[in-house]
Amino acid sequence: MEQAGLNLGGWIFLVTAWASIIGVTIFCFKRVLITHNRKKE
Amino acid sequence: MADLQSNNREAWASRIGLILAMAGNAIGLGNFLRFPVQAAQNGGGAFMIPYFVALLLLGIPLMWVEWSIGRRGGYFGYGSAAGAFGTLVKSRGGSIFANYLGALGIAVPIAFAIYYSYIESWTLAYSTFSITGKYFGILDRDNMLNFLQSFQGIKVSEHFASITTALIFYLITLFLNVYVLSRGVAQGIERLAKIAMPTLFVFAIILVIRSWTLGTPDPAKPENSIINGFGYLWNPDFSQITKAKPWLAAAGQIFFTLSIGTGSILTYASYLKRKDDIALTGLSTSITNEFAEVILGGSIAIPVAVAFFGLAETKAIAQGGAFNLGFAAMPVIFQKLPLGHLFGSMWFLLLFFAGITSSVALCSPAMAFLQDQMKLSRQKAALVVGTVMLLCGLPVVFFLGHGFLDEMDFWAGTFGLVVFAMIEVILFAWIFGMKRAWAEIHEGADIRIPGVFKFIIQFITPVYLIGLLLFWGIQDGIPVLLMKGKDAVHQPYLWGARAMMLGLTVVCVILIAHAYKRGTIRHETATD
């Protein structure tokens, strides 16, 4: 049973899922830091 | 944030500590073992469609609901659903009824913790076995499965003469859980999360890098490669998602991974202050969990299994379930890697950290109830919880081969979560009222949640949950209830598991009645 690596669909799903998770993670923690610093001031 | 709330309840010491503790609550064995198996079995990349739909329509809305109920309950001095639910209902009778329903928010997580901590103890044991090389020399999966079963006392082999080793690791795990709980929120749970979570992420990243750089471990078998492993996990099979199975599996995975419906989020949120943000913090913990699950969890076990065993055998491993992957396949792989002792130990320690941060969370509703409503000291409450876990955990240890653990997993760890989540969302969105619920979520919020979630929480999430319960009830619930296909030899043990869970719920109901008598649960809405 062979499989030729990741096909186009696989890449699309992998990149979309990873990018959306990383994007939201950055958004959240950036906002956490901003609000944290604002409250400190 | 300070260590005490205005009503003298404990509180989180810092926001990062809270995020790590909540993430620790969510990140568990499911992220690294259950998710890749579910994805591989249910359409690969295409599984991500029902998975993200369930995340957006069930996971994230329910997470905000549970955070909101918890913070509101904490404001009135309640740390569990028994008390917190009552604050959502105007009428006195309704409030009392809601609080009695809250018994599920203590009994379900403690039942969950009872069997979960036993599985957690296997990871601690296997971490030690990796360092000492106890399983080294067993180079095929079947014999590794025999090793696991003899460790669990199901079979006798040359590796373990009795169940004693498993029992010792179980007692150590139980002790560690009780110790953390006895130290309290800031000094125990938060401190554990601050150590365990960064360590878990460092270990996971090291293992992901090792996985990515494996290439083709055996040049004679070029099809056994890491890229084919990613292909197996991610290449979409759209024919799968036209069936009901992946949608149910995705919803189950979202429940399991985000610790929704366990009541533990509610308890952790009860240690917040009235004006502390929950919208952004809740989202941050959920996305941290998704990072650990999809990016890290999806990059280790299954791709590595394909690289070493090939596609056909990995499919068989995945069909065998998460334990087969984690405890039978992975130890064989570590023996084929340079520094296998180290990577093996890292893998199982990672699972242990993921497990312990979740199990202490599962115990926290019972801890909070004993402290807030029964007025026990933290240490005494931890001792009571530890004793209950030990007494109820011993049948799980000794009757594992009879399906005792699986029975608890179905009723407490699967069915119970959905029922409890449904009660939460109906109480919050329909009884408390969506207008007030929306304002409650946004109290002190650092972000504005898109308005569409108001509609989702009120209509889509409850309908989704009812659909899930109906499907599960018909497909799995009735056959499990009737013990279809279960050997008559095992049936008394399964009844025993049910009786134990029912007994835990009845005890919680009696304790709630006692709390009413003592006046530690009151009718609160008038003071809102």
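These remarks concern the structure in this document. Keep in mind the model is a prediction, meaning the values are calculated, not measured. Within any chain, residue numbers begin from 1 and follow the written order of that chain's sequence. As they are written, the chains are lettered A onward and the ligands numbered 1 onward, keeping that order. At least 70 in pLDDT is required for a residue's local features to be given in this predicted model, at least 80 for side-chain atom pairs to be given and counted, and no such filter applies to totals for whole chains, interfaces and linings, which use all residues. By convention in this description, side-chain values take in all heavy atoms of the structure and omit both hydrogens and water.

## Some details on the overall build of chain B
Put simply, DSSP H or I for four residues or longer makes a helix, DSSP E for two residues or longer makes a strand, and each gets a number counted from the N terminus. Within chain B, the secondary structure is distributed over 22 helices and zero strands. The C-alpha radius of gyration computed for chain B amounts to 22 Å, which stays within 12% of the reference 24 Å derived for 528 residues, consistent with globular compactness. Counting only C-alpha atoms and orienting by the principal axes, one finds that chain B spans roughly 75 × 50 × 45 Å. Expressed as a percentage of the 528 residues in chain B, the buried residues total 64%. For the area figures, the Shrake-Rupley method with a 1.4 Å probe applies, and any residue is considered shielded solely by the protein chains shown. A total of about 18,000 Å² of accessible surface is found on chain B, and carbon and sulfur atoms cover 68% of it. Computed over 35 positive and 28 negative side-chain charges, the separation of the two mean positions in chain B equals 7 Å. Put simply, the radius of gyration uses C-alpha atoms, and a globule should come to 2.2 Å times the residue count raised to 0.38. Only protein chains enter the accessibility calculation, which uses a 1.4 Å probe; a residue whose area is less than 20% of its type maximum is buried, one above 50% is exposed, and one in between is partly exposed. For the charge count, each Lys or Arg is scored as positive and each Asp or Glu as negative, with His and the chain ends excluded. The location of each charge is read from NZ of Lys, CZ of Arg, CG of Asp or CD of Glu.

## Structural notes on the state of the cysteines
All names here are of chain B. Note on disulfides: each one is a pair of cysteine sulfur atoms within 2.5 Å. With the rule as written, the count across this model stands at zero disulfides over all chains. Left unpaired, C363 is separated from the closest cysteine sulfur, that of C392, by 12 Å. On the accessibility criterion, C363 (0% relative accessible area) is buried. Judged by relative accessible area, C392 falls into the buried class, the value being 12%.

## Looking at the pattern of salt bridges
Pairs may arise between side chains of opposite charge once their charged atoms sit close together. Residue and element names in this part refer to chain B. We define a salt bridge as a contact between a side-chain nitrogen of Lys or Arg and a carboxyl oxygen of Asp or Glu at a distance within 4 Å. For the structure shown, the criterion picks out 11 salt bridges over all chains. Here D446 ties to R15 by a salt bridge, and the two come within 3.0 Å at their closest N and O atoms. Placement of the pair is D446 in the loop between α20 (434-442) and α21 (452-481) and R15 in helix α1 (residues 15-26), with a sequence separation of 431 residues. Residue class for D446 comes out buried when judged on its relative accessible area of 13%. Classification of R15 as buried rests on a relative accessible area of 12%. We note a salt bridge from E440 to R72, for which the minimum N-O separation is 3.4 Å. Here R72 lies in helix α3 (residues 48-75) and E440 lies in helix α20, a separation of 368 residues in the sequence. Residue classification places E440 among the buried positions, given a relative accessible area of 4%. Residue class for R72 comes out buried when judged on its relative accessible area of 1%. Look at the salt bridges and you will find they share partners, linking R71, R72, R274 and E440 into a network.

## Points about the nonpolar core
Residues and elements named next belong to chain B. Only buried residues count toward a nonpolar core, which is a set of Ala, Val, Leu, Ile, Met, Phe, Trp, Tyr and Cys residues joined through side-chain atoms within 4.5 Å. Ranked by internal contacts, the top residues of the largest apolar core, which has 209 residues, are F32, W234 and W347. Here this core gets 19 residues from one element, more than from any other, and that element is helix α17 (residues 340-372). Ignoring sequence-local partners within four residues, the contact set of W347 consists of F32, L33, L207, I300, A301, G326, M330 and F334. In what follows, residue pairs with any heavy atoms lying within 4.5 Å of each other are defined as contacts.

## A look at the environment of T123 of chain B
Along the chain, the position of T123 of chain B falls in helix α6 (residues 104-132). A C-alpha to C-alpha distance of 9.2 Å links T123 of chain B and G326 of chain B, two positions 203 residues apart in sequence.

## A few points about the layout of surface pockets
All names here are of chain B. Two kinds of site are reported from a 1 Å grid over the protein atoms alone, namely cavities, where a 1.4 Å probe fits but cannot get out, and pockets, open sets with protein on both sides within 12 Å along at least five of seven lines, and residues are called lining when an atom falls within 4 Å of a point. Grid points are joined across faces, edges and corners, and a volume is the space filled by probe spheres set on the points. Quantified by volume, the largest pocket comes out at close to 1,500 Å³. In terms of lining residues, the largest pocket is bounded by 48 residues, among which R34, G321, A322, D406 and D409 are the most central. Mapped onto the lining of the largest pocket, the elements with two or more residues apiece are α2 (29-41), α6, α7 (141-151), α11 (245-258), α15 (311-320), α16 (322-336), α19 (404-431) and α21. The greatest single-element share of the lining of the largest pocket, amounting to seven residues, is contributed by α2. Of the residues that constitute the lining of the largest pocket, the class distribution is 23 nonpolar, 18 polar and seven charged. Amino acids are sorted into nonpolar (Ala, Val, Leu, Ile, Met, Phe, Trp, Tyr, Cys and Pro), charged (Asp, Glu, Lys and Arg) and polar (every other residue, Gly among them).

## Overview of empty space enclosed by the protein
All names here are of chain B. Scanning the entire structure with this criterion turns up five cavities of 30 Å³ or more. For the largest cavity, the calculated volume is near 110 Å³. As for the largest cavity, its lining consists of 16 residues, of which F112, Y116, F256, S259 and S358 are closest to the centre. Listed by contribution, the elements that provide at least two residues to the lining of the largest cavity are α1, α2, α6, α11 and α17. Taken as a whole, the second largest cavity spans an internal volume of roughly 80 Å³. Taken together, L207, R210, S211, L214, I300, V304, M330, I333, F334, L337 and F343 make up the lining of the second largest cavity. Going through the elements one at a time, α9 (185-212) and α16 are the ones with two or more residues in the lining of the second largest cavity. Along the lines of polarity and charge, the residues of the lining of the second largest cavity split into nine nonpolar, one polar and one charged.

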